[in-house]
Amino acid sequence: MSRSFRVGPGGRLVGRLRVPGDKSISHRAVMLGAIAEGTTRVSGFLTGADAISTMNVFRALGVEIEGPDDGRVVVHGVGSRGLRATAGPLDCGNAGTAMRLLMGLLAGQRFESTLVGDESLSRRPMRRVAEPLQRMGARIETNGGCPPVRILPSDGLHAIRYELPMASAQLKSALLLAGLYAEGETVVVEPAPTRDHTERMLRGFGVDVRSDDRVVSLRGGQALHAASVDVPADLSSAAFFLVGASIAPGSDLVLEHVGINPTRTGCLEILRRMGADIEIVSPRQAGGEPVADLRVRSAPLRGIEVPPELVPLAIDEFPALFVAACCAEGRTVVRGAEELRVKESDRIAAMAEGLAALGFATQTTDDGIVIDGRGGDDAVFRAGRGLAHHDHRIAMSLAIAALRSSGIVEVDDTANVATSFPGFVGLARGAGLDIEEHGAGGRR
Ligand code: S3P
């Protein structure tokens, strides 16, 4: 389905809004709820296509799930041995998190399953997950390292100690989920800390998970007990507004109930180092995760060298941060971010191309980008038409660039915004972005 954005230039972002639920946490709430004993109640669930794909996969695996109804989902857990074989393949849509975590979970089942995805997911690397699972005794076949992924019945996994070759929370989580079905203690060593939602939620479901610096471990055979999960608003979705309000003069915006787990807040740290004015209001705990309201006001930004240790903690926010860097005074350098090349699109190439379409040249490198920002309060982009490359975050990042453009910004191929941020156009319009969506159903 072809959709596009048409965004009028300039404006500012003001008011209060709550972005949809956290994608990472929504996926995990359904997965852990499904294999737990008892009924798990979820609130604030992301009704985006990615989390719905996970829900439908578990329904196909025999789990009764009610909702989503105004963000509420009820998962009737079947216990760790209660999933049932399906006749056809399990469709993960655009969701890399769904596919990779499911590989771990299904590797320990006594039945066969096949995972498929859309065009973008079908090009993404799965060998990084298949290999360590094979070392645990799983029988997994990929298509040259990519989906479809066929998982053959397991006659028992054994625990391993595995040093992750790249910082990836999806890989870590897949191995921990497989570890629940393995004999012995599974130990995962990370090269750098990554989001720890799986570890936190497993503990909330009664599993003994140990973590010490970059080493995470759990013993196989532990049962999960149903819990309630309050999903905070997604910081990765809030990031478009944090950047938008920072670069649009006169902005003053409050983003409500946003997850601020320290393994996710690299973008806050990077924006602050760039001079952004972001206040953390009423920090509190919700469902085992730290949350807060975030107040952001426009501020003059300056270019920085992004410290490499912040890269995994801000990995999904770089497309938006690149827009901030264009509006900052001086040079921003990002290195050590080669993982951006294997996301829903090659995000380094896709953003460089999109920014160039808006008249802004950047220099890309194998593992990052160099952006010479133009600073000031004036327009730094000009009218142009960019392509989202099936990637939700590219679409929304180019849309917010219009706040500092001298002419209309058009973005093609925006349908996948619905994977993580249903209602983006309405919320952004309400805050002051002059955005319209065009597509199969006409103007919205
Ligand atoms: C995610 C981990 C990250 C991130 C993705 C969600 C997760 O991927 O980019 O959007 O929920 O675990 P990697 O593990 O590939 O870095």
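Each chain has its residues counted from 1, running along the sequence as written. The predicted nature of this model means local features are confined to residues of pLDDT at least 70 and side-chain atom pairs, given and counted, to a pLDDT of 80 or more, with totals for whole chains, interfaces and linings taken over all residues. Here the side-chain values reflect all heavy atoms present in the structure, with hydrogen atoms and water set aside.

Domain limits in this description derive from either an automatic procedure or a database domain assignment. Taken as a whole, the protein is organised into domain 1 (3-21 + 232-443) and domain 2 (23-230). Taking the mean C-alpha position of each, domain 1 and domain 2 sit 29 Å from one another. It only takes one pair of heavy atoms within 4.5 Å for two residues to be counted as in contact. With 30 residues of domain 1 in contact, the opposing surface of domain 2 contributes 28 residues. Carbon and sulfur atoms make up 47% of the area that domain 1 and domain 2 hide from each other, which totals about 2300 Å². Salt bridges are defined as contacts in which a side-chain nitrogen from Lys or Arg sits within 4 Å of a carboxyl oxygen from Asp or Glu. Across the domain 1-domain 2 interface, the total number found is 3 salt bridges. Asp316 is the partner of Arg195 in a salt bridge, and the nearest nitrogen-oxygen pair spans 3.2 Å. As used in this structure description, the phrase polar contact means that two N or O atoms lie within 3.5 Å; if the pair is within protein, one of them must be able to donate a hydrogen and the other to accept it, and residues adjacent in sequence are counted only when both atoms belong to side chains. At the junction of domain 1 and domain 2, the tally comes to 14 residue pairs in polar contact (both at pLDDT 80 or more). Elements are defined by DSSP. Helices are runs of H or I of four residues or more, strands are runs of E of two residues or more, and each kind is numbered from the N terminus. Looking at the side of domain 1 that touches domain 2, the elements with two or more residues in it are strand 21 (289-297), helix 11 (392-401) and helix 12 (417-420). Sort the elements by how many residues they give to the side of domain 1 that touches domain 2 and helix 12 lands first, with 3 residues. Counted by class, the side of domain 1 that touches domain 2 contains 11 nonpolar, 11 polar and 8 charged residues. By convention, the term buried area covers the 1.4 Å-probe accessible surface removed from two parts as they join, with the contributions of both added. In this classification, the charged set is Asp, Glu, Lys and Arg, the nonpolar set is Ala, Val, Leu, Ile, Met, Phe, Trp, Tyr, Cys and Pro, and all remaining amino acids, among them Gly, are polar.

Take the site of the ligand next. Neighbouring the ligand are Ser24, Arg28, Thr97, Arg100, Ala167, Ser168, Ala169, Gln170, Arg195, Ile315, Asp316 and Lys343. The side chain of Arg28 places a nitrogen or oxygen atom 2.6 Å from an oxygen atom of the ligand. Ala169 places a main-chain nitrogen or oxygen 3.0 Å from an oxygen atom of the ligand. For the shell around the ligand, the elements supplying multiple residues, two or more each, are helix 1 (23-35), helix 3 (96-107) and helix 5 (169-179). Class assignment for the residues of the shell around the ligand results in 3 nonpolar, 4 polar and 5 charged. The criterion for a residue being near a molecule or strand is simple. One of its heavy atoms has to lie within 4 Å of it.

Time to look at unusual backbone geometry. Note: most peptide bonds trans; most residues except glycine with negative phi. The peptide bond linking Gly67 to Pro68 adopts the cis configuration, its omega dihedral lying at 5°. Among the secondary structure elements, Pro68 is positioned in strand 5 (residues 64-69). Put simply, Pro147 and Pro148 share a cis peptide bond, and its omega is 0°. With respect to the secondary-structure elements, Pro148 resides in strand 10 (residues 146-151).

What follows deals with the packing of helix 9 (residues 318-327) against helix 10 (residues 347-357). In this analysis, axes come from line fits to C-alpha atoms, helices being fitted only over the stretch in contact, and the angle between any two N-to-C directions falls in the range 0 to 180 degrees. It is at 10 Å that the axes of helix 9 and helix 10 come closest, and there the two elements cross at 40°. Between helix 9 and helix 10, the angle falls in the class oblique. Between helix 9 and helix 10 lies a crossing of right-handed hand. Residues Pro319, Phe322, Val323 and Cys326 of helix 9 lie in contact with helix 10, whose contacting residues are Arg347, Met351 and Leu355. Broken down by class, the residue content of the contact of helix 9 with helix 10 amounts to 6 nonpolar, no polar and 1 charged. In this scheme, roughly parallel covers angles under 35 degrees and roughly antiparallel covers those over 145, while 65 to 115 is roughly perpendicular and the rest are oblique. Crossing handedness is read from the near helix: turned anticlockwise from the far helix by less than a right angle, it gives a left-handed crossing, and turned clockwise, a right-handed one.

A pair of strands is treated as paired once DSSP finds two or more bridges between them. Taking strand neighbours across the sheet as the criterion, the 4 strands line up as 2-19-21-20 in an open arrangement whose pairing is mixed. Of all strands in the sheet, those with a lone pairing partner are strand 2 (14-17) and strand 20 (277-286), marking the two edges. If you compare each strand with its neighbour and ignore which way they point, the axes differ by 15° on average. The sheet contact formed by strand 20 and strand 21 spans 8 bridges and is antiparallel.

What we call a nonpolar core is a set of buried Ala, Val, Leu, Ile, Met, Phe, Trp, Tyr and Cys residues that are connected through their side-chain atoms within 4.5 Å. Think of it in three bands: with a 1.4 Å probe and only protein chains considered, a residue is buried below 20% of the maximum accessible area for its type, exposed above 50%, and partly exposed in between. Membership of the largest hydrophobic core comes to 80 residues, with the highest contact counts inside it found for Phe5, Phe241, Leu255, Phe318, Phe381 and Phe424. Top contributing element to this core by residue count: helix 9, with 9 residues. Setting aside residues up to four positions removed in sequence, Leu255 forms contacts with Leu17, Val19, Ala238, Phe241, Leu242, Ala292, Asp293 and Leu294. Counting residues in hydrophobic clusters, the runner-up holds 70 residues, among them Ala130, Tyr162, Tyr181 and Ala182.

Turning our attention to the packing of aromatic side chains. Two rings belonging to Phe, Tyr or Trp (six-membered ring only in the last case) form a pair when the distance between their centres is within 6.5 Å. Interplanar angles under 30 degrees mark stacking, angles over 60 mark edge-to-face geometry, and anything in between is tilted. Using the criterion set out here, one finds 6 aromatic pairs in the structure. A ring pair is formed by Phe360 and Phe381, whose centres lie 5.7 Å apart and whose planes are at 50°; its orientation type is tilted. Residue Phe360 is located in the loop between helix 10 and strand 23 (363-365), and its partner Phe381 is located in the loop between strand 24 (368-374) and strand 25 (384-387); the two are separated by 21 residues in the primary sequence. In this structure, Phe360 and Phe381 share a single accessibility class: buried.

Moving on to the pairing of strand 24. For strand 24, the tally of buried residues reaches 5 of 7 residues, placing the bulk of the element in the interior. Inspection of the sheet shows strand 22 (residues 329-334) paired to strand 24 by 6 bridges, in the antiparallel sense. Its bridge partner being in strand 24, Val334 is matched across the sheet by Ile369. As defined by bridge partners, strand 23 adjoins strand 24 across 3 bridges and the pair is classed as antiparallel. Counted as the bridge partner of Gln363 is Val370 from strand 24. The turn linking strand 23 back onto strand 24 is made up of 2 residues.

Another point: the sheet that holds strand 22. Ordered by their spatial adjacency, 3 strands build an open sheet running 22-24-23, and the pairing between neighbours is antiparallel. Each having just a single partner strand, strand 22 and strand 23 make up the two edges of the open sheet. Neighbouring strand axes in the sheet, compared pairwise and without regard to direction, differ in orientation by 15° on average. This element, helix 9, spans strand 22 and strand 24 of the sheet and lies at about 35° to strand 24.

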